[in-house]
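Summary of the model geometry
Below are the chains, spelled out letter by letter.
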Amino acid sequence: MDATTPVHPPARIAVAGVGVTYGLGGPDAVTALAGIDLDIADGAFVSLVGPSGCGKSTLLRVIADLLAPSTGRVTIGDAAPADLRRAGRIGVMFQQPALMPWLTVADNVALLDDLVRTKGGGATGRARTTPDVPALLDLVGLTGFGGKRPHQLSGGMQQRAALARALALDPTVLLMDEPFAALDEITRERMAFELMRVWQQYRKTVVFVTHSLGEAVFLSDRVVLMSARPGRIHRVYDIDLPRPRTRETRLSDAYLHLVGEVGRGLYEVME
Ligand SMILES: Nc1ncnc2c1ncn2[C@@H]1O[C@H](COP(=O)(O)OP(=O)(O)OP(=O)(O)O)[C@@H](O)[C@H]1O
Ligand SMILES: [Mg+2]
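Attention in this report is confined to the structure presented alongside it. (Residues numbered from 1 in each chain as written. Chains lettered and ligands numbered in written order. Predicted model: local features only at pLDDT ≥ 70, side-chain atom pairs only at ≥ 80, totals over all residues. Heavy atoms only, no water.)

Describing helix H1 (residues 56-63)
Put simply, the rule reads: The classification of residues rests on relative accessible area computed with a 1.4 Å probe and restricted to protein chains. Under 20% of the type maximum is buried, over 50% is exposed, and intermediate values are partly exposed. Strands here mean DSSP runs of E at least two residues long; helices mean DSSP runs of H or I at least four residues long; both are numbered from the N terminus.
With respect to burial, H1 is a largely interior element, six of its eight residues being buried. Listing the buried residues of H1 in full gives Lys56, Thr58, Leu59, Leu60, Val62 and Ile63. Immediately downstream of H1, the backbone of aspartate 65 shows phi near 65°, a positive value.

Laid out in structure tokens, this is it:
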């Protein structure tokens with residue numbers, strides 16, 4: 001088995017009747033999500049797109065157990081998100097890499113797994129396989145950078161480190177909220193190709209939030225378009241582009257057609 005081969009198979013995500021009202025019962029209550037039903041197959045790559053404020057981050061936070069829903073529930077495999085999070089089986093990535101500046105890149109990559117191991121102790125800690133940090137650094141294209149500090153890395157390289165850190169947990173799901181939004185266009189496009197390569201090798205169920213329709217279509221099996229106030233699912237697009245996806249994919253008529261279709265949907269929800 002390859003050193004970076006995941007031990008834990010990807011899990012299915014079931015979102016049933018999820019609603020979120022911030023400040024429930026108060027004068028400033030905001031219903032961010034209402035009646036969200038979504039089934040994500042194990043190993044699938046699904047993107048959430050939609051106008052700002054439509055609840056993409058809120059939905060991702062509910063799946064990650066960073067926020068309790070006001071109604072409905074989420075199941076990941078057979079478990080509740082809270083159980084999986086405690087067991088360190090949920091990988092997350094945000095716009096900012098949030099690396100610890102005083103630790104080396106390698107120590108940053110190992111950090112979350114270390115925490116779960118120490119905190120979880122007992123069954124959770126012992127059940128974990130030690131991540132092969134050099135192999136993970138190779139996987140994300142950071143060979144030879146393990147001894148550097150985060151400030152010695154470019155923004156794109158820091159996000160690669162954050163990806164390696166999430167993968168070091170050997171998560172059953174990987175939840176990504178605009179992970180490339182702070183990068184320049186060229187780096188961002190390169191990161192999309194890199195993520196595709198990694199995902200093809202290291203299969204996880206991925207929920208990916210982005211404002212880039214092209215990025216969503218290129219990466220995903222399905223693109224979920226949401227509408228705002230309250231956030232609902234407007235339409236789901238099946239992206240039947242062949243895999244593996246390459247630069248040719250991004251230049252193909254089928255790809256451009258699909259981006260146009262999702263763009264048309266986005267105009268509908270913006271009206
Ligand atoms: N902690 C919070 N307290 C109160 N309201 C919130 C909170 N977080 C988000 N909201 C509100 O919930 C709605 C959905 O926000 P959310 O951040 O999920 O949207 P989003 O789709 O991720 O937007 P963006 O594309 O700008 O990141 C918005 O109206 C927002 O103002
Ligand atoms: Mg957001």
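Now that the structure has been shown, we can carry on.
Some points on the pairing of strand S1 (residues 13-22)
Going by this rule: Here a strand pair is declared whenever DSSP counts at least two bridges between the two strands.
In terms of residue burial, S1 counts as a mostly covered element, since seven of its 10 residues are buried. Of the strand pairs in this sheet, S1 and strand S2 (residues 30-40) are connected by seven bridges, and their pairing is antiparallel. Within the sheet, the bridge partner assigned to isoleucine 13 lies in S2 and is isoleucine 40. As judged from the five bridges shared by S1 and strand S4 (residues 71-76), these two strands associate in the antiparallel manner. Residue pairing for S4: alanine 14 is matched across the bridge by threonine 75.

Regarding the pattern of salt bridges
Put simply, the test is: A pair is scored as a salt bridge if a Lys or Arg side-chain nitrogen falls within 4 Å of a carboxyl oxygen belonging to Asp or Glu.
What the rule picks out here adds up to 10 salt bridges. A salt bridge links aspartate 65 to arginine 85, with the nearest nitrogen and oxygen atoms 2.8 Å apart. Here aspartate 65 is found in the loop between H1 and S4, whereas its partner arginine 85 is found in helix H2 (residues 81-86), with 20 residues between them in sequence. Here glutamate 215 makes a salt bridge to arginine 188, at a shortest N to O gap of 2.8 Å. Note that glutamate 215 is positioned in helix H8 (residues 213-219) and arginine 188 in helix H7 (residues 185-201), a separation of 27 residues in sequence. Neither residue differs from the other here; glutamate 215 and arginine 188 are each classed as buried. If you follow the salt bridges from partner to partner, you end up with Arg160, Glu194 and Arg197 in one network.

Things to note about the site of ligand 1
The cut-off we apply is this: Throughout this document, a residue counts as near a molecule or strand when at least one of its heavy atoms sits within 4 Å of that molecule or strand. Any pair of nitrogen or oxygen atoms within 3.5 Å is treated as a polar contact; in protein, a donor-acceptor pairing is required on top of that, and neighbouring residues in sequence qualify only through side-chain atoms on both sides. For every accessible area listed, the method is Shrake-Rupley and the probe measures 1.4 Å; residues are considered covered only by the protein chains on display. We call Asp, Glu, Lys and Arg charged. Ala, Val, Leu, Ile, Met, Phe, Trp, Tyr, Cys and Pro are nonpolar, and the rest, Gly among them, are polar.
Around ligand 1, the neighbouring residues are Tyr22, Val30, Ala32, Ser52, Gly53, Cys54, Gly55, Lys56, Ser57, Thr58, Glu178 and His211. Within the side chain of tyrosine 22, a nitrogen or oxygen atom sits 3.5 Å from a nitrogen atom of ligand 1. Between ligand 1 and threonine 58, the relevant distance is 2.5 Å, taken from an oxygen atom to a side-chain nitrogen or oxygen of the residue. Summarising the interface, the protein chains cover 59% of the accessible area of ligand 1, which totals 630 Å² for the free molecule. Elements that contribute at least two residues to the shell around ligand 1 include exactly S2 and H1. Of all the elements, H1 adds the most residues to the shell around ligand 1, at three residues. Looking at side-chain class alone, the shell around ligand 1 contains four nonpolar, six polar and two charged residues.

A look at the packing of aromatic side chains
Rule in force here: Two aromatic rings, drawn from Phe, Tyr or Trp (for Trp, its six-membered ring), form a pair once their centres lie within 6.5 Å of each other, and the interplanar angle then sorts them: stacked below 30 degrees, edge-to-face above 60, tilted otherwise. Either the NZ atom of lysine or the CZ atom of arginine qualifies as a charge over a ring when it sits within 6 Å of the ring centre and within 35 degrees of the ring normal.
This structure, assessed with the given rule, holds four aromatic pairs. The interplanar angle of 70° and the centroid separation of 5.1 Å between the aromatic rings of phenylalanine 193 and phenylalanine 218 together place this pair among those described as edge-to-face. Residue phenylalanine 193 is located in helix H7, and its partner phenylalanine 218 is located in helix H8; the two are separated by 25 residues in the primary sequence. By relative accessible area, phenylalanine 218 is classed as buried at 0%. Three or more aromatic residues joined by ring pairs form one cluster here, namely Phe45, Phe180, Trp199 and Phe208. Above the face of the tryptophan 199 ring, arginine 203 is positioned so that its terminal group lies 3.8 Å from the ring centre.

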